[in-house]
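# Residue-level structure breakdown
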Amino acid sequence: MIFPQCELPANIRLAISDRSDGNLALHVEDDAVAVLKRRAHLLQQLPDANAIQWLQQVHGTKVIEAGLFDQQPTADAAFTQKAGQAVAILSADCLPVLFWAMDGSQVAAAHAGWRGLATGILRQVAATFAVPFSAYLAPAISQPYFEVGQEVKAVFLASSLSPQHRQAVLQAFTPAEQVGKYYADLYQLARAELTELGVVNVTGGNACTYSDIDAENQRFYSYRRASHQQQKDTGRIASLIWRV
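Notes on the structure in this doc start here. Since the model is a prediction, treat every value here as computed from it, not as a measurement. (Residues numbered from 1 in each chain as written. Predicted model: local features only at pLDDT ≥ 70, side-chain atom pairs only at ≥ 80, totals over all residues. Heavy atoms only, no water.)

## Focus: the sheet that holds strand 15 (residues 237-243)
Sheet architecture is open: four strands sit in the order 1-15-5-2, paired in mixed fashion. Strand pairing shows two members of the sheet lacking a second neighbour, strand 1 (12-16) and strand 2 (51-53), which therefore form its edges. Taking each pair of neighbouring strands and ignoring which way they run, the sheet shows an average axis angle of 25 degrees. Two strands pair when backbone bridges link them, and strand 5 (residues 85-91) and strand 15 are joined in this way by five bridges, in the antiparallel orientation. What sits directly across from Leu 90, in strand 15, is Ala 238. Each of strand 2, strand 5 and strand 15 touches helix 1 (residues 32-44); the most contacted strand, strand 2, lies at about 120 degrees to it. (Pairing = 2+ DSSP bridges. Helix = DSSP H or I, 4+ residues; strand = E, 2+ residues; numbered from the N terminus. Axes fitted to C-alpha atoms, helices over the stretch in contact; angles between N-to-C directions. Contact = heavy atoms within 4.5 Å.)

## Describing the packing of aromatic side chains
All chains considered together, the criterion is met by six aromatic pairs. Chaining the aromatic ring pairs together yields one cluster made of Phe 99, Phe 129 and Phe 133. (Phe/Tyr/Trp six-rings, centres within 6.5 Å; stacked < 30°, edge-to-face > 60°.)

## Observations regarding the pattern of salt bridges
Overall, the coordinates contain two salt bridges when judged by the stated rule. Measuring nitrogen to oxygen at the nearest pair gives 2.8 Å for the salt bridge that ties Asp 30 to Arg 38. We classify Asp 30 as partly exposed; its relative accessible area is 29%. On the basis of relative accessible area, Arg 38 is assigned to the partly exposed category, the value being 25%. Between Arg 123 and Glu 193 there is a salt bridge whose closest N-O contact spans 2.6 Å. With a gap of 70 residues between them, Arg 123 in helix 3 (residues 121-126) and Glu 193 in helix 6 (residues 186-196) connect regions that are remote in the sequence. Take Arg 123: its relative accessible area is 22%, and that puts it in the partly exposed class. (Salt bridge = Lys/Arg side-chain N within 4 Å of Asp/Glu carboxyl O. Buried < 20%, exposed > 50% of the residue type's maximum accessible area, 1.4 Å probe, protein only.)

## Focus on the sheet that holds strand 11 (residues 181-184)
Within the open sheet, the three strands sit side by side as 9-11-10. Their pairing is antiparallel. Taken across any chain shown, the strands that pair with only one partner, and hence form the sheet edges, are strand 9 (147-149) and strand 10 (173-175). On average, each strand axis in the sheet is tilted by 45 degrees relative to the strand beside it, whichever way the strands run. In the sheet, strand 9 pairs with strand 11 via three bridges, with the strands oriented antiparallel. Residue Glu 147 lies in a different strand from strand 11, and its bridge partner there is Tyr 183. Contacts between helix 4 (residues 150-158) and the sheet are confined to strand 9, strand 10 and strand 11, with strand 9 contributing the most and set at about 75 degrees to the helix.

## A few points about the environment of Ala 88
In this fold, Ala 88 is placed in strand 5. Judged by relative accessible area, which is 2%, Ala 88 ranks as buried. Apart from residues no more than four positions distant in its own chain, Ala 88 is found in contact with Ile 52, Gln 53, Trp 54, Leu 55, Gln 57, Ser 239 and Leu 240.

## Describing the pairing of strand 1
Of all five residues in strand 1, four are buried, a share of seventy percent or more. Here five bridges tie strand 1 to strand 15, and the two strands are oriented antiparallel to one another. Each bridged residue has a counterpart across the sheet, and for Leu 14 the counterpart in strand 15 is Ile 241.

## Structural notes on helix 4
All of the buried residues along helix 4 are Val 152, Lys 153, Phe 156 and Leu 157. Along the axis of helix 4, the buried residues cluster in a sector spanning 135 degrees; they form a single face. Seen from the open side of helix 4, the exposed residues pointing more than 90 degrees away from its buried face are Glu 151 and Ala 158. If you follow the buried residues of helix 4, they end up packed against helix 2 (114-119), strand 9, helix 5 (163-171), strand 10, strand 11 and helix 6. (Arc of directions from axis to C-beta.)

## Digging into the environment of Gln 188
Tracing the sequence through the fold places Gln 188 in helix 6. Judged by relative accessible area, Gln 188 falls into the partly exposed class, the value being 22%. Sequence spacing of Gln 188 and Gly 205 is 17 residues, and the spatial spacing of their C-alpha atoms is 8.6 Å. Excluding residues that lie within four positions of it along the chain, Gln 188 makes contacts with Ala 168 and Ala 172.

Without other data, these values stay purely geometric and don't point to any function.
As structure tokens, then:
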């Protein structure tokens, strides 16, 4: 487990799993019983957490309140004000964004792949906070390894919130070698939108799920790396936040 070091209210905790914790997703080719055992073991490693809200993520913008569902609800973000209730985002290149109220009263987590990020998942989560909040950008694929087409850039530009936001979006795309292709910076795109939403404290965003190496091993799962290696799919890490 990785426990990021950043400035937090005294009652807020963050944690991120890596490949050593094993695959935590039920929707990939893995034994469900083994995945559930890993999830139970993960919960045991979270100080003062007594439950984890898992989601069936679909690259959308739906936000739910954690702790109200027996099964995995279909959503791409969750929030809670309940102490001990962790919220989790599964990822293997997409950007997990973890949020906390600056007074420690609420936490939230969002699955911000490019589709959800472009269509407003962060704006939907921001709307659940009644007080100022901060955000942490958990491990995602970094710009040098995330090639996209012109249509992705166009969607982000069309959804920009202001001229300043549009300019920041433009700066997040660097032309690739192939005409009509770009390298997209998910971290920059998230920071640009969070800044536009008035968030002044955004940390993290310094890891790469595709390229980070730990002790000569791949540190995180990466869907794009697996695809380049002609693997059908890969596992998922979890990024979690909770109140104590």
